[in-house]
Amino acid sequence: MPEKAWMYLRNPEFNLERAARFSRPSGGPGACGWLPIAKTLSLLIRKEKSHRFPTFFLEDKTIGKMSMFPKISLRHEVEKYLKEGFVNKEVVSAFGKQEAERKFETLLNRLSHPPSFTTVRVNTHLASVQHVKDLLFDELQKFNGLNVPILQHPDLQDVLLIPVIGPRKNIKKQHCEAIVGAQCGNAVLRGAHVYVPGIVSASKFMKAGDVISVYSDIKGKCKKGAKEFDGTKVFLGNGISELSRKEIFSGLPELRGIGIRMTEPIYLSPSFDNVLPSYLFLQNLPSAVVAHVLDPQPGEKILDLCAAPGGKTTHIAALMHDQGEVIALDKISNKVEKIKQNALLLGLNSIKAFCFDGTKALKLDMVKDAEGKPPFLPESFDRILLDAPCSGMGQRPNMACSWTLKEVTSYQPLQRKLFTVAVELLKPGGVLVYSTCTISLAENEEQVSWALRTFPYLQLQPQEPQIGGEGMLGAGLSLEQLKQLQRFDPSVVPLRDTDIDALRDARIEDMIWLANKDCIGFFIAKFIKGKNT
């Protein structure tokens, strides 16, 4: 079969139709041999189309047709830089420039919208998944009478999925308005209420108990305390004010609780504020995949090199049945305290958290430190997770990012410093998992290519479970190497409307498929360390 046809077959979500086109005979000796393959591909296309887009949501036929929000707003030089990574020579050669550009624009559009599911991880150290699932069902009944299925992920047994309802387009906008910051707005779209520090502006006569329309100031142009705002704003839904305008902007430091309780959000998703806090950890689906890929075993010594806020750290400890030692490092003290609090809340005793710069975690002299504190001697750990600091360009929803190109590109050298330390600290035969929550080629596949060149004794490993797609072309990696990576790319699914009525008829396998695809942008690579000769 022609090489391009095989490439499309390897990644059917990109374009099965193209694979069929490239496999059709074009004349010449033996060309008719491809005809049965073309017919088979045509059948695959029909079968794939019948499953790709589950019936409980509506797909967009063109970019932006069903978009609730505009695509993510980036500085021109940042968008150009990201686009160069996606429309690179390897991708254009394989798929064509038009298709590569379409995929990139689709991705920017998806980033401004929330994922289709809320994901929570069960703390299996304290309770069974079924017990927590039953408790969660009762909790959800208290939330606007929300009656949606709670799904246990078949490949991540400690993960529960709750469908997000929306966008709901029939919500009546109120005369009284509140403007919130972009980060606060992103949290509201994932189910949070509005906390006082996130409120930027409120209508002049707003009182406690008023029904308020809440908007996000996605470009950060609204002045704190303004009484009205006519700039770019995005409607998030309605809520009830817990405080008056005067109280909100009084400047009292103790006012940090809920300022507006969301009652009609355009995306209906449960707030997990103080919901079963010892049993559940709110976590994006790819983040929950990482610890399973690391596959920690009881009794091992594990390092989480950049650990805050501790979601993956606590997951590692739970998978080890809290037997062994999990060292968590972060260089910001209040984040380290958060790791300790989460470990205590979840009843995990194997975690030791230190405020320490991961780039300095390797002990340069060979004098053993009996206290077990950083820095550490070479080859001290059985497994290491490097969930690296990154540009965060895969986070959803994200309607605007004001970062400069210098800020976005600053992460690659930092990641390489941390990776080098991790390799030195890993025992021969040990496992190193590298992950980011960004979409850029430079911070993902290019880092893998660099690592394999720099450390020839590192070997890329297949991942289990393999839930994301394979890696992206453009960094000089072989097709076999790309298959060993996981890139979670929300552009592979169309935007959708999800309502409660449609969920009743949805197949579980369709919902799981959508949860796997319509998540944040994320990347995972797994290495094993051979002997350093």
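Before reading further, recall that the structure is shown in the block above.
Residues numbered from 1 in each chain as written. Predicted model: local features only at pLDDT ≥ 70, side-chain atom pairs only at ≥ 80, totals over all residues. Heavy atoms only, no water.

Asker: Any chance you could explain the environment of Leu 285 here in plain terms?
Answerer: Locating Leu 285 in the fold gives a position in helix α10 (residues 285-294). Assessed through its relative accessible area of 2%, Leu 285 is described here as buried. Look past the residues within four positions of Leu 285 in its chain and what remains in contact with it is Thr 119, His 153, Leu 156, Val 159, Leu 161, Ala 515 and Asn 516. (Helix = DSSP H or I, 4+ residues; strand = E, 2+ residues; numbered from the N terminus. Buried < 20%, exposed > 50% of the residue type's maximum accessible area, 1.4 Å probe, protein only. Contact = heavy atoms within 4.5 Å.)

Asker: How do you make sense of the packing of α10 against helix α11 (residues 311-319) when you look at a structure like this?
Answerer: Geometrically, a packed helix pair is captured by the angle between its two axes and the distance between the axes. Taken N-terminus to C-terminus, the directions of α10 and α11 make an angle of 40°; their axes are 9 Å apart at the nearest point. Considering their axes alone, α10 and α11 lie oblique with respect to each other. Relative to α11, α10 is oriented so that their crossing is right-handed. Residue-level inspection shows Ser 287, Ala 288, Val 290, Ala 291, His 292 and Leu 294 of α10 in contact with α11, the latter providing Lys 312, His 315, Ile 316 and Leu 319. (Axes fitted to C-alpha atoms, helices over the stretch in contact; angles between N-to-C directions. Parallel < 35°, antiparallel > 145°, perpendicular 65-115°, else oblique. Left-handed = near helix turned anticlockwise from the far one by under 90°.)

Asker: Looking at this model, I keep getting lost on unusual backbone geometry. Mind explaining?
Answerer: Note: most residues except glycine have negative phi, and most peptide bonds are trans. At the junction of Ala 308 and Pro 309, the peptide bond is cis and its omega measures out at 5° in the coordinates. For Pro 309, the position within the fold is in the loop between β12 (301-304) and α11. Residue Pro 465 is reached from Glu 464 by a cis peptide bond, and omega for that bond is 0°. By the element assignment, Pro 465 lies in the loop between β18 (458-460) and α16 (479-483). Its identity as a non-glycine residue notwithstanding, His 321 has a phi of 60°, on the positive side. Within the secondary structure layout, His 321 lies in the loop between α11 and β13 (325-330). Using a relative accessible area of 53% as the deciding quantity, one classes His 321 as exposed.

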